[in-house]
Amino acid sequence: MAVLTRGFCVLVLVSCLLVTSAVGQRKSKNQRSVTYDGRSLIVNGGRELLFSGSIHYPRSPPEMWPDLIIKAKEGGLNVIQTYVFWNIHEPVQGQYNFEGNYDLVKFIKLIGEQGLYASLRVGPFIAAEWNQGGFPYWLREVPNITFRSYNEPFMFHMQKFTTMIVDMLRKEKLFAPQGGPIILSQIENEYNSIQLAYRDMGVKYVHWAANMAVGLQTGVPWVMCKQMDAPDPVINTCNGRHCGDTFPGPNSPNKPSLWTENWTAQYRVFGDPPSQRAAEDIAYSVARFFSKNGTFTNYYMYYGGTNYGRTGSSFVTTRYYDEAPIDEFGLRREPKFGHLRDLHRALRLSKKALLWGVPTVQRISNDLEIRVYEKPGTDICAAFLTNNHTKIPATINFRGQDYFLPRRSISILPDCKTLVFNTQTMVAQHNARNFHPSKKAGKLKWVVFQESIPNINELPLQNKIPLELYSLTKDTSDYAWYSTSITFDRLDLPMRSDILPVLQIANLGHAMVAFVNGEYIGFGHGSNIEKSFVFQKPINLKPGVNHISLLSMTVGLPNSGANMEKRFAGPRAITIQGLNAGTLDVTLNNWGHEVGVKGEKLELHTEEGSQKVKWSPAGGAGPPLTWYKTYFDVPEGQNPVAVRLTTMGKGMAWVNGKSIGRYWVNYLSPLGQPSQSEYHIPRSFLKPGKNLMVLFEETGGNPQGIEVLLVNRDTICSFISEAHPPSVKTWQKEGGQMTVVEDVKSGAHLTCPDDKVIKSVDFASFGDPSGSCGNFAEGKCTSPNSEKVVAKYCLGKNSCSIPLEREIFDDKSHDGCPDILKVLAVQARCGRNKSKSD
């Protein structure tokens, strides 16, 4: 019996070990170690090429997150990067919010569900064109605090928040060693730009921040972007447009070259002209970086989104980085989306050579060079042929073969023979964004409510001088009232009818509406470059008591720079000029103050709040400080929704109680146009029945011109020549050899968004057309069969390919220009079938 028992125990022990081993194996499939060397990040023992894109969870509703992440994956990304936004998560000290579009955990989990990695920029200073750089307002009022310095109060709160975020994500098992998607974290942000302002305290702070972050033991590397002296083991990284040429490299040979912000355009502030960056330029910069030892790039932004509510920093538009590969409405912006997707595929075909090959450089001239990654003794080889000249194309002979290089371009040869991609030669399709008035949401009927203009006797907070605006509002509102009263007798006032006193106000920013005795005097504002301004307007004064009332405004708090906690705004010096006794300084005249406007306190933007006042029918253009209200039906179909506000001035807008952000359409760019005219209304904000829209107009506007719009990118185009290489999809790599994918043919490729189909061919020319998507023109030579051929291949299909073969357009006897290099230009319109009509 004893022998049997021992045998049984041995059997049980072996079984337990086998089960434990199996469980360990299952865990290891999910858990991923993350380390690095001088070449790349190493995930689970393997080097990686990482293509990342910034998508910020608070800048879109959760209902959009899955689609955005899927589109990013379709664009060839394998990493999603986001900041962590302290001020939305801890708006009041000790009170946390991770609900709705602030649900960081849900966002990270969705990334993991798509099989993508996550890069988490904890900061907690983030800049990001976000209010106060992500710092909550209460942090500014901590006694003896100095932001971003070796300052005990600041470091205490910074460490507390950072630890809380890390612990929360660790509890949810979201770091890679736990099986989660997070493979990289960032502490601080672009600190080198202000470090000198803090002298030794700046140096000590950098080392403290690095040690604090590493001490949290997340199991993934930490980075500091634009921090050339990042302490080991923290990796210093590059931000900019051309890090392949501007980044001197990591500050240690055992750190990889990482690019945390590749700016896909430029964020815009109110008053800016359009911001653009060509897809060719971005592709060139990425190919250049990877050809020079880079293995990680992050597109900032890949999807910009929307600064809802009051979240944008000083003067930043509500629409954020709309020129990204995915636009504000969640639609693919072509050709940027497609051209970068093709680049990622070309670089992945070169992966083994890039990660394990030995790099060599051959400089042919000042502008021409060949960079090769080759593993000796194998067929692993990839080449980058570069023409850096900005105007002149060139030809390079490489290993016995000539390769034509357009100006400022890089050709990628994943096997050192086959050209699969050139950064300047666009194979991807183009598209154009269209705004169409909604039929169901037309004919808006507006009603109005007028804000009253208070005087000093009606304002609760009294002070000798005007209070500083930031500390007055504490970032709870964009608005604060200032009012004083002055008594004049007739002898104080000008005797001549052609002379009026002038009210002059030196204001530290950002904007202001002024009233004298309840009469609107004018509107003044600063700019993103110069926040302060001087307001000067003639005023009517009367014998007796006169009231000056000012509604001072912020347009977001500053988001960067040294000594952020010491920034100020609001009226500073107020004088009245042109009185009989000269200039009167009323700065010390005693002032009343109140934060916010009446409609805010009543919550007129909500259904319940809007019932608290009596509204009147709108009669066209209205005065400043007017609330407007209307109802509209949910727009037809499934396309994104926007509202066009070009007939308004400046203010805030809400739909069903949810803010769609600040608008400012009367601040024109140097081109004479608003920086932003259309404002995104996420469909998740809408309900099936009547939808409430409320505007608070600060300077005066006409609501009758407001339109609810449907947005699409259903205009798709191709412009491709016989000299264009085949799509990179044509190629795959097997055993180090490039082979052709049989089902992909050379030619023009068109794909409608979503499940739409090509409904019409609006332009087609095979010959020598010119122009761009939405503005094509036939040249002197075009095939008369062009439209017919394109229609044959494309009509009724979600996607199509038109071969660039002359014989399908014309036989040789009917070719009017056989000796030219021919181009096919196509413009088509997509739409849903009638059962799914928009």
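Computed from a prediction, not measured in an experiment: that's the story for all the values here.

Colleague: Honestly, the overall build of the chain in this entry has me stumped. Any pointers?
Modeller: Assigned secondary structure in the chain consists of 17 helices and 46 strands. Referenced to the eigenvectors of the C-alpha coordinate spread, the extents of the chain come out at roughly 100 × 95 × 65 Å. The proportion of buried residues among the 838 residues of the chain is 58%. Counted over contacts in the chain with a minimum sequence separation of 6, partners at least 24 positions apart contribute 73%.

Colleague: Honestly, the sheet that holds strand β23 (residues 502–507) in this entry has me stumped. Any pointers?
Modeller: Sheet strands pair via backbone hydrogen bonds, and the direction of the pair is either parallel or antiparallel. Taken together, the four strands give an open sheet; going across it, the order is β26-β23-β28-β29, and neighbouring strands pair in antiparallel fashion. Every other strand in the sheet has two partners, leaving β26 (533–538) and β29 (582–585) as the edge strands with one partner each. Each strand of the sheet is rotated relative to its neighbour by a mean of 20°, with strand direction disregarded. Two strands pair when backbone bridges link them, and β23 and strand β28 (residues 571–579) are joined in this way by six bridges, in the antiparallel orientation. Within β28, the residue paired with Asn507 across the bridge is Pro571.

Colleague: What exactly am I supposed to notice about the sheet that holds strand β20 (residues 447–450) here?
Modeller: Read across the open sheet, the six strands follow the order β31-β20-β32-β37-β34-β35; overall the sheet is antiparallel. Single-partner strands in this sheet number two, and they are β31 (616–617) and β35 (658–664). Both β20 and strand β32 (residues 626–632) contribute to a ladder of four bridges, which runs antiparallel. Its bridge partner lying in β32, Phe449 is registered against Trp627.

Colleague: Looking at this structure, how should I read the environment of Lys464?
Modeller: Structurally, Lys464 is set in the loop between β21 (461–463) and α13 (469–473). Look at Lys464 and you get partly exposed, because its relative accessible area is 47%. Sequence-distant contacts of Lys464, that is, excluding residues within four places in its chain, are made with Thr587, Leu588, Asn589, Asn590 and Trp591. Within the structure, the side chain of Lys464 is placed 3.2 Å from the backbone oxygen of Leu588, a separation counted as a polar contact.

Colleague: Would you take a moment to explain the packing of aromatic side chains for this structure?
Modeller: Here a ring pair, both rings aromatic, is described through the centre-centre distance and the interplanar angle of the planes. Applying the stated criterion across every chain yields a total of 43 aromatic pairs. Aromatic pair Tyr302 and Phe337: ring centres 6.3 Å apart, planes at 50°, arrangement tilted. Within this pair, whereas Tyr302 is found in strand β11 (residues 294–303), its partner Phe337 is found in helix α11 (residues 336–349), the two being separated by 35 residues in sequence. One aromatic cluster in this structure is built from Trp86, Phe125, Phe135, Trp138, Phe147, Phe154, Phe161, Tyr191, Tyr198, Tyr205 and Trp208. Positioned above the aromatic ring of Phe125, the side-chain terminus of Arg148 is 3.6 Å from the ring centre. Here the basic side chain of Arg332 rests over the ring of Phe337, its NZ or CZ set 5.5 Å away from the ring centre.

Colleague: Hey, could you run me through the environment of Tyr403 in this one?
Modeller: Relative to the helices and strands, Tyr403 is located in strand β16 (residues 401–405). Those residues in contact with Tyr403 that lie beyond four places of it in its chain are Leu385, Ala394, Thr395, Ile396, Phe398, Leu413, Cys416 and Lys417. Here Lys417 takes part through its backbone oxygen, which lies 2.6 Å from a polar atom of the side chain of Tyr403.

Colleague: What is the right way to read the state of the cysteines from this model?
Modeller: Such a bond, covalent and formed between the sulfur atoms of two cysteines, is termed a disulfide. The tally for this structure, following the rule as stated, stands at six disulfides. Across the disulfide, Cys752 is cross-linked to Cys830 (sulfur-sulfur distance 2.1 Å). Judged by the torsion about the S-S bond (-85°), the Cys752/Cys830 disulfide is left-handed. In this pair, Cys752 sits in the loop between β41 (747–751) and β42 (757–767) while Cys830 sits in strand β46 (residues 823–831), placing the two residues 78 residues apart along the sequence. Assigned by exposure class, Cys752 and Cys830 land together as buried. At a sulfur-sulfur separation of 2.1 Å, the disulfide partner of Cys794 is Cys800. Taking the torsion about the S-S bond as the criterion, the Cys794 to Cys800 disulfide, at about 85°, is right-handed. Like Cys800, Cys794 is buried. When the bonded cysteines of the chain are counted from the start of the sequence, the pairing works out to 1-2, 3-4, 5-7, 6-12, 8-11, 9-10. Not engaged in a disulfide, the cysteine Cys225 finds its nearest cysteine sulfur in Cys238; these two sulfurs lie 9.4 Å apart.

Colleague: Even after reading the chapter, I still don't get unusual backbone geometry, so can you show me in this structure?
Modeller: For residues besides glycine, phi is generally negative; the peptide bonds are generally trans as well. The omega torsion across Gly123 and Pro124 is 0°, close enough to zero to call that bond cis. Structurally, Pro124 can be placed in the loop between β6 (117–123) and α5 (137–140). At Tyr321, a residue that is not glycine, the phi angle is positive and equals roughly 50°. Turning to its location among the elements, Tyr321 is positioned in the loop between β11 and α11. The exposure class assigned to Tyr321 is buried, which follows from its relative accessible area of 5%. Although it is not a glycine, Glu603 sits at a positive phi angle of roughly 55°. When you line up the elements, Glu603 lands in the loop between α14 (598–602) and α15 (607–610).

Colleague: What should I look at first to understand the confidence of the model for the chain in this one?
Modeller: Reading predicted coordinates in detail is not appropriate for stretches of low pLDDT. Summary statistics for the chain give a mean pLDDT of 94 and a share of 96% for residues scoring 70 or more. Across residues 1–28, confidence stays below pLDDT 50; counting only partners more than four residues off in sequence or on other chains, it has one contact.

The rules behind these values
- Residues numbered from 1 in each chain as written.
- Predicted model: local features only at pLDDT ≥ 70, side-chain atom pairs only at ≥ 80, totals over all residues.
- Heavy atoms only, no water.
- Helix = DSSP H or I, 4+ residues; strand = E, 2+ residues; numbered from the N terminus.
- Buried < 20%, exposed > 50% of the residue type's maximum accessible area, 1.4 Å probe, protein only.
- Contact = heavy atoms within 4.5 Å.
- Pairing = 2+ DSSP bridges.
- Axes fitted to C-alpha atoms, helices over the stretch in contact; angles between N-to-C directions.
- Polar contact = N/O pair within 3.5 Å; in protein donor to acceptor, adjacent residues only side chain to side chain.
- Phe/Tyr/Trp six-rings, centres within 6.5 Å; stacked < 30°, edge-to-face > 60°.
- Lys NZ or Arg CZ within 6 Å of the ring centre and 35° of its normal.
- Disulfide = S-S within 2.5 Å.
- pLDDT = per-residue confidence, 0-100.

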